[in-house]
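These are the residues of each chain, in order.
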Amino acid sequence: MTLSIAIVGAGPAGYYTAEAAQKQWGNDVRIDIIDRLPTPYGLIRAGVAPDHQSIKAVTKRYEGTNLAPGTRLVGNVMLGRDVSVQELLGLYDAVVLSVGAPHDKPIGIPGDDLPGVIGSAAFVGWYNGHPDHAGLNVDLSHHGAAIIGNGNVAIDCARVLAKTVDELSTTDIADHALKTLAESSVRDVHIIGRRGPHQASFTTKEAGELGHLVRAHPVVRPGDFPPEAEDAALDPGQRKMVTHLRGFAGLPRGDKPVTINFEFFRRPVAVEGHGKAERLIVETTRLENGQAVGTGELHAIPCGLVIACIGYRTAEIPGVNWSDKLGRFPTDDAGRIAPALYASGWARRGPSGTIGTNRPDGFSVVAAMVEDGIAASGKAGPAGLDALLATRAVKASDFAGWQKIEAAEVAAARTGAPREKLVDVTKMLQIAL
């Protein structure tokens, strides 16, 4: 008998979990990597900024994992719609949920439901060509845009709004997004954080890139910094990042038409406008014991677009314990949800860390399987899934189908761009199947 494992989610967490299982059991395991889309790689394809192509090179590693004997991609199969978790547990010796955290956390302030207020998962998915968000209406007719959050996603969103068409045209940004950005009226981008530069979670690379944009000028208020001597207490990476921000505070304005304004010590309290977002109301804050405390001083930021980069939540799955407080599946430290059911990646620990953080996650889940005595039990495995899907007329795509999609995207690319992503699942399946 051969051990069988189903991994739901073809993103980094899913692939690192599959890699760990291959290393543990070699030719004695069969692995199905199941995804609702015909395209693999999850956030590498739909989350990493299009102008960060070097990061996407990790897909070559995942390709090797997928092409190993006994491992296959089962695309166009949606958990809950085409097959249930309980059915997978009946077919496989172990099931791992590596489904990420695709939903935006709500801002939770008055006016956050106005047109023009969107989450970063939707905005990033829009410019990256994710089928769920390709049709998003992104109105860039106002001169102002507000981005709530002090992490790398906030900088990614700001950079995409601020770059020229020439800077973006050689990336794999979706063509519909490039055309919209070409007509953009946005000239003032505001990155809003409740605390100060020392508490921001930008990386050095992301922050530093803002100093090299063709038409955009980063602005930081000098008064938002603590005394420079206090930088010594920061870890080296954070200290370098803050050094970039201090450098922005001393830059001459120049003649660049777009400003990226770091609005530290600002807490969003409301979005206002007549039928759509027209301004974000923020309250000035101060730090008390490291926490942001409101001062009562209010300030209006004119903007027609508000992007919330404040975190993500995992989708609920019928029959699986889920915590509204955590925004994900409750697990133990090793990723166990229930007998033979595990989670890895953001579905396990929440939206934190880098792409590489998912690798030890996947290996620890496989270690937990070994500790739990997961072994071949004679379950139907991949053949059983195929039979079940056939009874439901579900046409699954495979890795060879993805390679056909990829070839079509490469062939359709703009001059200098790596690909032109397909954004319609029906068209993908016409090519893949």
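Residues numbered from 1 in each chain as written. Predicted model: local features only at pLDDT ≥ 70, side-chain atom pairs only at ≥ 80, totals over all residues. Heavy atoms only, no water.

Draft legend 1. Here's a closer look at the packing of aromatic side chains. Following the criterion strictly, the structure yields 11 aromatic pairs and no others. Judged by centre distance (5.6 Å) and plane angle (25 degrees), the ring pair of F123 and W126 falls under stacked. With F123 and W126 both in helix α5 (residues 120-128) and three residues apart, this pair spans about one turn of that helix. Each of the two residues, F123 as well as W126, counts as buried. Aromatic side chains Y312 and W346 sit 5.8 Å apart centroid to centroid with 15 degrees between the ring planes, which places their arrangement in the stacked category. (Phe/Tyr/Trp six-rings, centres within 6.5 Å; stacked < 30°, edge-to-face > 60°. Helix = DSSP H or I, 4+ residues; strand = E, 2+ residues; numbered from the N terminus. Buried < 20%, exposed > 50% of the residue type's maximum accessible area, 1.4 Å probe, protein only.)

Draft legend 2. Quick look at unusual backbone geometry. Even without a glycine there, the phi angle at N76 is positive, about 60 degrees. Take N76: it is sitting in the loop between β3 (71-74) and α4 (85-91). The phi torsion at F265 lies on the positive side, around 55 degrees, for a residue other than glycine. If you trace the backbone, F265 turns up in the loop between β10 (258-263) and β11 (266-272).

Draft legend 3. Expanded view of the sheet that holds strand β12 (residues 279-288). Across the sheet, three strands lie side by side as β11-β12-β13; this open sheet has antiparallel pairing. Two strands lie at the open edges of the sheet, namely β11 and β13 (291-302), each paired on one side alone. Direction aside, neighbouring strands of the sheet carry axes that sit 20 degrees apart on average. Here β11 pairs with β12 via six bridges, running antiparallel. Note that in β12 the partner of A270 across the bridge is I281. (Pairing = 2+ DSSP bridges. Axes fitted to C-alpha atoms, helices over the stretch in contact; angles between N-to-C directions.)

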